[in-house]
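Coordinates in review
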Amino acid sequence: MRRRLLTLLLMAMHLTACQAQPATVQNDGVLHVLTTTGFLADLTRQVAGERAVVESLIPAGADPHAFEPAPQDVARIAGSSVLVINGAGFEEWLNKTLENAGGSRTLIVASQGLTARPAENPAEHLQGDPHFWLDPVLAKTYVNNIRDSLSQVDPAGEAVYAANAAAYQQKLDELDAWIRSQVDTIPPARRLLVTNHESFGYFADRYGFTVVGAVVPSVSSSASPSAQDLARLIDLIRQSGAPAIFLESGTNPQLADQVARDTGIRVVTGLLTHSFGPEAQDYIAMLKLDTQLIVDALK
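Residues numbered from 1 in each chain as written. Predicted model: local features only at pLDDT ≥ 70, side-chain atom pairs only at ≥ 80, totals over all residues. Heavy atoms only, no water.

1. Considerations on the confidence of the model for the protein chain
Counting all residues, the mean pLDDT for the protein chain is 90, and 89% of those residues have values of 70 or more. Low pLDDT, under 50, characterises residues 1–24; the stretch is placed with 29 contacts to residues that sit more than four places away or in other chains. (pLDDT = per-residue confidence, 0-100. Contact = heavy atoms within 4.5 Å.)

What follows is the structure, given as structure tokens:
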């Protein structure tokens, strides 16, 4: 516990120092922004419009929990003037990478101000669940934080950032209403979620699902379940009558397939949580895809 608290304190001190450094517009007259993940890149583009060039550090399909930055990734961070991260412990590799990158930049912690729901795993309670963005209402806080920080970095663009953020938040409200209308087609008794790891807690809280369990009982997909963990999940599935296990795109299905064989339920693959693919190329499309996969399997 003491070691974890010290790590959080050192990270907070480092982030504060980074935030205090002003970002600069590069020689082409455009603000260059680097984000850790694809969904953050999309949210940032929605706010920035044409006033910034926004790129994602982690490639589409790569697991952000297990991401190991290559030297060229560290160089991209070192050369960035603005870096947007999720925060709340999601980017487990970040602290060491920032130290290796050196330099100074404005750091935007998109989830700042949100209170994490407790993780199911007791060892992770101190940190909590970082997957706020899978609730589009909570994603509005991300948009606010990005808007405010970009306005500080680029005061001349404040009105543009404010207008873009307001327009996008209306789209998020419409997305929230759409998801709720789709979930309403699922009988309440079947609104049961079993996922690969603990990532859909905020989605479940918003739309009235019960989280039965996860193949990997951790907010990090890089953790490894024990035989006891899998046996407990099998018991929970049998007791609850959950009809499906939902896996993120790129997830190794081996353990989920084993659980499915032992319980007789189906495995639904292809959910997107942090990056996009041919089926969904932005944040709103991503959540619509996930909602449709979940609804089709449960109703």
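2. With respect to the pattern of salt bridges
Side-chain pairing between opposite charges can occur once the charged atoms of the two side chains come close. Enumeration according to the criterion identifies six salt bridges in this entry. A salt bridge links D154 to R51; the nearest nitrogen and oxygen atoms lie 2.8 Å apart. One end of the pair, D154, is in the loop between α5 (136–153) and α6 (158–183); the other, R51, is in the loop between α2 (38–48) and β2 (52–56), with 103 residues separating them in the sequence. Assessed through its relative accessible area of 9%, D154 is described here as buried. Across the salt bridge formed by D173 and K140, the nearest N and O atoms sit 2.9 Å from each other. Taken together, the residues D173 in helix α6 and K140 in helix α5 connect sequence positions 33 residues apart. (Salt bridge = Lys/Arg side-chain N within 4 Å of Asp/Glu carboxyl O. Helix = DSSP H or I, 4+ residues; strand = E, 2+ residues; numbered from the N terminus. Buried < 20%, exposed > 50% of the residue type's maximum accessible area, 1.4 Å probe, protein only.)

3. Regarding the packing of α2 against α5
Where α2 meets α5, the closest approach of the two axes is 10 Å, and the angle between their N-to-C directions is 55°. Relative to α5, the element α2 lies oblique. Crossing of α2 over α5 shows right-handed handedness. Judged by residue contacts, F39, L40, L43, T44, V47 and A48 of α2 engage Y142, V143, I146, R147 and L150 from α5. Here the contact of α2 with α5 is composed, by residue class, of nine nonpolar, one polar and one charged. (Axes fitted to C-alpha atoms, helices over the stretch in contact; angles between N-to-C directions. Parallel < 35°, antiparallel > 145°, perpendicular 65-115°, else oblique. Left-handed = near helix turned anticlockwise from the far one by under 90°. Nonpolar A, V, L, I, M, F, W, Y, C, P; charged D, E, K, R; others polar.)

4. Some details on the side chain of T37
You can see T37 is positioned in the loop between β1 (31–35) and α2. Looking at T37, the relative accessible area reads 2%, which means it is buried. Residue contacts for T37: discarding those within four places in its chain leaves S56, I58, P64, F90 and H274.

5. A word on the sheet that holds strand β4 (residues 106–109)
Ordered by their spatial adjacency, four strands build an open sheet running β2-β1-β3-β4, and the pairing between neighbours is parallel. The open sheet has two edge strands, β2 and β4, and neither has a second partner. Within the sheet, the average angular offset between the axes of one strand and its neighbour, ignoring direction, is 25°. Note that β1 and strand β3 (residues 82–85) share three bridges and pair parallel. Within the sheet, the bridge partner assigned to V33 lies in β3 and is V82. Contacts from α2 reach β1, β2 and β3 within the one sheet, and its direction differs from that of β2 by about 170°. Against the sheet, α5 engages β1, β3 and β4, with an angle of about 165° to β4. (Pairing = 2+ DSSP bridges.)

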